[in-house]
Amino acid sequence: MVMQIILFIVIAYLIGSISPALLVGKIFYNTDIRTMGSGNLGTTNTFRCLGKKAGVIVFVLDISKGIIATMLPSLVLGRVDYLSIFGAFAMIGHVYPIFANFKGGKAVATGSGVFIFLYPTLSLILVAIFFSTLFITGYVSLGSILICLTSIVYLSIFESGIDKWVMIVMCIFVIYMHKSNIKRLINGTENKSKAKIKLGAKK
């Protein structure tokens, strides 16, 4: 059992370390997205630098990493109460990918995949909060931070066990990864999504 857990932790980290943003950029656009925009290997930077089509592809693949990394162990170990550990390592792999010099993204999409598998009902609430925030304010980072805070509150009140605490820690970790965004939000210099700009243009 212990060896299986260790094996799935390694697999989860390696899955998380696969960077769709890097692969899509190099294969389809002949560019290294790490040299563009924020330099992050994540969904937001892909949308901003490579466009909607590339962004959607990377978004789906990043979410899939979290789902797969959490689902695979469940097929062997069953629905144990520590599946979040594997999801957490997928998120860590996304942020510190061994295949990309340990410089990745902020794990919002990958973490969302973990939540979708572990807490599908909560995930629906998080989707509503994220996109409402995005369309109203235009700030992707604010939406990401708010869904993390919402998750922390929800898990603290309604959940129990190892999964609860692992995911609370990972939510705090994701918020920490947004520290530069938080500073820009406070200073009013954070980049806005085109979703907000387009809505504003129609008024």
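Placed above this text is the structure.
In this text the structure is predicted, and so the values were computed from the model without any measurement.

The space that makes up the largest pocket amounts to roughly 1300 Å³. Around the largest pocket, the lining comprises 46 residues; the ones closest to its centre are Thr43, Thr44, Phe47, Phe130 and Val140. Put simply, the parts of the chain that give the lining of the largest pocket at least two residues each are α3 (43–50), α4 (52–77), α6 (108–118), α7 (120–137), α8 (140–158), α10 (179–187) and α11 (194–201). Counting residues per element, the lining of the largest pocket draws most heavily on α7, which supplies seven residues.

Our focus in this paragraph is unusual backbone geometry. Although it is not a glycine, Phe102 adopts a positive phi angle of roughly 65°. As for its placement among the helices and strands, Phe102 is situated in the loop between α5 (83–95) and α6. A relative accessible area of 47% places Phe102 in the partly exposed class.

This paragraph deals with the pattern of salt bridges. A side chain with one charge may pair with a side chain of the opposite charge, provided their charged atoms come close. The full count for this structure, using the stated rule, is three salt bridges. With a closest N to O distance of 2.8 Å, Asp32 and Arg34 form a salt bridge. In this structure Asp32 comes out as buried when scored by relative accessible area, which is 19%. On the basis of relative accessibility, which here comes to 27%, the residue Arg34 falls in the partly exposed class. Between Lys65 and Asp62 there is a salt bridge, with the nearest N and O atoms lying 3.6 Å from each other. Note that Lys65 and Asp62 are positioned in helix α4 at a spacing of three residues, about one turn of the helix. Comparing Lys65 with Asp62, the two get one shared label, buried.

On to the packing of α4 against α6, then. At a closest axis distance of 7 Å, the pairing of α4 and α6 adopts a crossing angle of 45°. Classified by the interaxial angle, the pair formed by α4 and α6 is oblique. As for how α4 packs across α6, the hand of that crossing is right-handed. Residue-level contacts link Phe59, Asp62, Ile63, Lys65, Gly66, Ile67, Thr70, Met71 and Ser74 of α4 to Ala109, Thr110, Gly113, Val114, Ile116, Phe117 and Leu118 of α6. Split into classes, the residues belonging to the contact of α4 with α6 amount to nine nonpolar, five polar and two charged.

What follows concerns empty space enclosed by the protein. Under the criterion given, the structure shown has one cavity of 30 Å³ or more. Its volume calculated, the largest cavity comes out at about 120 Å³. When contributions to the lining of the largest cavity are tallied by element, the ones reaching two or more residues are α6, α8 and α9 (162–177). With four residues, the top contributor of residues to the lining of the largest cavity is α6. Per-class residue counts for the lining of the largest cavity are nine nonpolar, three polar and no charged.

What counts, and where the lines are drawn
- Residues numbered from 1 in each chain as written.
- Predicted model: local features only at pLDDT ≥ 70, side-chain atom pairs only at ≥ 80, totals over all residues.
- Heavy atoms only, no water.
- 1 Å grid on protein atoms, 1.4 Å probe; cavity = no way out; pocket = protein on both sides within 12 Å on 5 of 7 lines; lining within 4 Å.
- Points joined across faces, edges and corners; volume = space filled by probe spheres on them.
- Helix = DSSP H or I, 4+ residues; strand = E, 2+ residues; numbered from the N terminus.
- Buried < 20%, exposed > 50% of the residue type's maximum accessible area, 1.4 Å probe, protein only.
- Salt bridge = Lys/Arg side-chain N within 4 Å of Asp/Glu carboxyl O.
- Axes fitted to C-alpha atoms, helices over the stretch in contact; angles between N-to-C directions.
- Parallel < 35°, antiparallel > 145°, perpendicular 65-115°, else oblique.
- Left-handed = near helix turned anticlockwise from the far one by under 90°.
- Contact = heavy atoms within 4.5 Å.
- Nonpolar A, V, L, I, M, F, W, Y, C, P; charged D, E, K, R; others polar.

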